[in-house]
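Chain by chain, the residues run as shown.
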Amino acid sequence: MNYLINGITFNTQLRTLSLAGKQVYLEAKSFELLSIFVLNPNCVLTRDELLSLAWQGKVVSDSAINKAISKLRQHFDTLQPEAQIIQTKPKVGYLFCATVITQQTVKYQPRVHLASTVLYLLLCLSVIAAMFWLSKQKIAESTPLQLQRITAHEGIETQLSAAKNGQIAYLSTRYDSNTRQVYLKNLATNQTQRLPIEVDGLHAFNVNFAGQKIAYVMQQEESCMLALYDLSTHSSSDIMDCQGMNNIKLAWQFDDQALFIRSRKNNAHPYTIFKFLIHSQTLSQVSLPTENLDMQGDYLLAAHPNTHTLAFVRYLESNQTQIHIVDSHTLNPIHTVPFAGVIKAISWDVDGDQLFFNAQKTLYKLHTDTLQIKKLKDLSHPIESIAVTKVNDFTMLLLSQYHASSKIIELNLENKQRHTLFDNAALNRLPQKTQEGDLIFISDAEQRHDLWVLQNGRATKLALPFEFGFRRFELHPTEKKLLFEKEGALIELSLDSQIVKQVFAAKHKAYVANYHDGGNKIIYSSNKRGDWQLWLFDRRTKQHLQLTHAGGYSGFYYQDQLYFTKRHVSGVWTLNAGQEQLVLPNVKNINWLNWRIIAGRIYFYQPEEGIFQYDLDTGQTLRLLSQPSGFLHQYSIRTSPETITYVELKPMQGDIHALTL
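These numbers were taken from a predicted model, which means no experiment stands behind them. (Residues numbered from 1 in each chain as written. Predicted model: local features only at pLDDT ≥ 70, side-chain atom pairs only at ≥ 80, totals over all residues. Heavy atoms only, no water.)

K.L.:
An account of the overall build of the protein is requested, with residue identities and associated values reported.
P.N.:
Looking only at helices and strands, one finds 4 helices and 56 strands in the protein. For 661 residues, the compact-globule estimate of 2.2 N^0.38 gives 26 Å, and the protein sits close to it at 28 Å. Dimensions along the principal axes, computed over C-alpha positions, put the protein at roughly 100 × 70 × 55 Å. The 661 residues of the protein split such that 52% are buried. Carbon and sulfur atoms provide 49% of the accessible area of the protein, an area that totals close to 31900 Å². (Helix = DSSP H or I, 4+ residues; strand = E, 2+ residues; numbered from the N terminus. Rg over C-alpha atoms; globule rule 2.2 N^0.38 Å. Buried < 20%, exposed > 50% of the residue type's maximum accessible area, 1.4 Å probe, protein only. Areas by Shrake-Rupley, 256 points an atom, 1.4 Å probe, with all protein chains shown as cover.)

K.L.:
Report on the pairing of strand 55 (residues 643-649), specifying residues and quantitative values.
P.N.:
Where burial is concerned, most of strand 55 is hidden: 6 out of the 7 residues are buried. Where strand 32 (residues 406-412) and strand 55 come together, 7 bridges link them in antiparallel fashion. When the sheet's bridge partners are listed, Lys407 is paired in strand 55 with Glu648. When strand 54 (residues 631-638) meets strand 55, the two strands line up antiparallel, connected through 6 bridges. (Pairing = 2+ DSSP bridges.)

K.L.:
Explain the nonpolar core residue by residue, including any values.
P.N.:
By size, the foremost hydrophobic cluster in this structure holds 29 residues, and its most contacted members are Ile5, Phe10, Leu33, Leu34, Phe37 and Phe96. Broken down by secondary-structure element, the contributors of at least two residues to this core are strand 1 (2-5), strand 2 (8-11), helix 1 (28-38), helix 2 (47-54), helix 3 (62-79) and strand 7 (93-96). With near-sequence residues (within four places) excluded, Phe37 lies in contact with Leu45, Leu50, Ile69, Leu72, Ile86, Tyr94 and Phe96. Membership of the second largest hydrophobic core comes to 22 residues, among which are Leu300, Tyr315, Phe339 and Val342. (Core = buried A, V, L, I, M, F, W, Y, C linked by side-chain atoms within 4.5 Å. Contact = heavy atoms within 4.5 Å.)

K.L.:
Explain the environment of Asp538 to me, using residue names and the numbers behind them.
P.N.:
Among the structural elements, Asp538 can be located in strand 44 (residues 533-538). Residue classification places Asp538 among the buried residues on the basis of a relative accessible area of 15%. Taking the C-alpha atoms as reference points, Asp538 and Ile273, separated by 265 residues in sequence, lie 40 Å from one another. Among residues more than four places away in sequence, those in contact with Asp538 are Asn520, Lys521 and Gln543.

K.L.:
Go over the confidence of the model for the protein with me, naming the residues and quoting the values.
P.N.:
When pLDDT is averaged across the protein, the result is 86; 90% of the residues are at 70 or more. Every residue in residues 104-143 is under pLDDT 50, and counting partners more than four places away or in other chains gives 2 contacts. (pLDDT = per-residue confidence, 0-100.)

K.L.:
Outline the packing of aromatic side chains, listing residues and values.
P.N.:
A complete count under the given rule lists 21 aromatic pairs for this structure. Relative to Phe473, the ring of Phe468 has its centre 6.2 Å away and its plane inclined at 75°; by these criteria the two rings are edge-to-face. Exposure class is identical for Phe468 and Phe473. Each is buried. An angle of 15° between the planes, with centres 5.7 Å apart, marks the rings of Phe604 and Phe612 as stacked. A single burial state applies to Phe604 and to Phe612, both of which are buried. The structure contains a cluster of three or more aromatic residues connected by ring pairs, namely Phe466, Phe468, Phe473 and Phe484. (Phe/Tyr/Trp six-rings, centres within 6.5 Å; stacked < 30°, edge-to-face > 60°.)

Set out below in structure tokens:
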């Protein structure tokens, strides 16, 4: 059944809102809310009624209801700006004040004659024959797609991109010799050539749809340049200074007139997508993740091969993303499609009718006409990048695959002995070792990022009611509990009972949290009042006290004095009589993960250099660990004896494979 809401068509089967050629896809909660509202027009629904109907009585925060209502309003605003369809009645609830008309389907009832009956029987026989033929076709189509190996270099191949004519570009990295090289391969002729593009400082590249140019980014410590490499003349030219942009991904506009750029200022800002017009040298912002100012934002992009259409992926939380399809010329939204999982790579097909993407080891396709998502294939390894091309009139879906694995190592700082605490074929990260010798870490051993405990040589996954995800956690001083953030709420997990308890609600927008005062107080960062500041939560009084006013992201107390880092500025700071004082400059802001103070010493990591110790009493700095090969900046420090537990990435192998569709 369809409804007409102030002229907007609500299709309950497709779960869409449409008006004047524009269409919006409703995610699950917006669809449920709207279905409830259209059955109760011009009625005030209280929050309790909405909880009962849309959340089936589950306990959720006020912010969850506000966010769901706000999202539904945004969908209507996209199609009919300035319309007030949902009104807030303070202290009462919400009023759906639109005009709702139920649209019925009128069925034609023909008069039956003998001739028409015969024709009807013949038609039925034709349909049965057609169905039989289609069933055979369906069986043929359901045959599992077979992977074909495209590359077999030593090491891994990443940053895959493809032209329409069978040419692909990729980066090959060899870990045995620590060398990298950009390759161009013609799948039709099976010829491969190395491109003379400088790899020192190469951060991103992408071949255009015509297979004539490659855009690439050269980035050093204090410089960034976007350049073009002409494959016909084998010459390069700089086109844009990209200073201030980091972690860049590129995508060509279909007509080569523009480049789409995904970047962020630093790892403390969300990803945003920009459009750079090559001839006019102008840069404009395409996406704005206003509601999701987290570490990800709009983190993936794919330009349509034939039209001014752009798809990008927005990170919502550890098990929820959105595919946004927009008109890249007008920036008007076309579709928003939710997905229960984190998408890792995305690419349009050659004709632009389908969008391919993956979550971990599973490959999917999105039909852009029906907005239906179909699983294509389960693979043995995660997918790093996706590209689509055509070879001899066959569409080839190309995948770069590799699986990262790591081992957890302990270094005894007294005798300088190292030994491996845990090693398997999974990616194991964020290790915390207790004084009793138990190891707590995050692992993707079962394809998800789960919390594991290694005790007496046996690794056990903790049974949580949700995927833990890759998130920082803090050990309680008793080492019997864990503290972590989830969607802005602060959560505490008992390691003995594995019971999860909410410390305080999501409305406080907590992020980095550390125990204080034996666990009776918690220092946490939040942007609930704008910029990131540090707050102190007293568990006994339930009071929240703001500690910093000029920026704060991760903090610890030592001798009743607060030491902290900032989200946007490097360094460790302290407060003296309310005034900021820089204690340790140049400590990179990635250290929200694991910098800390132990017994008057600040332990911190410097990229490419290793782990250092700074003595607050003497002011002396000592390097404890030179960065080993494969080192990930995730570690923990213990005393008695003094040890460093850290993660070391093992050599990776991976290749490019193809699926012929």
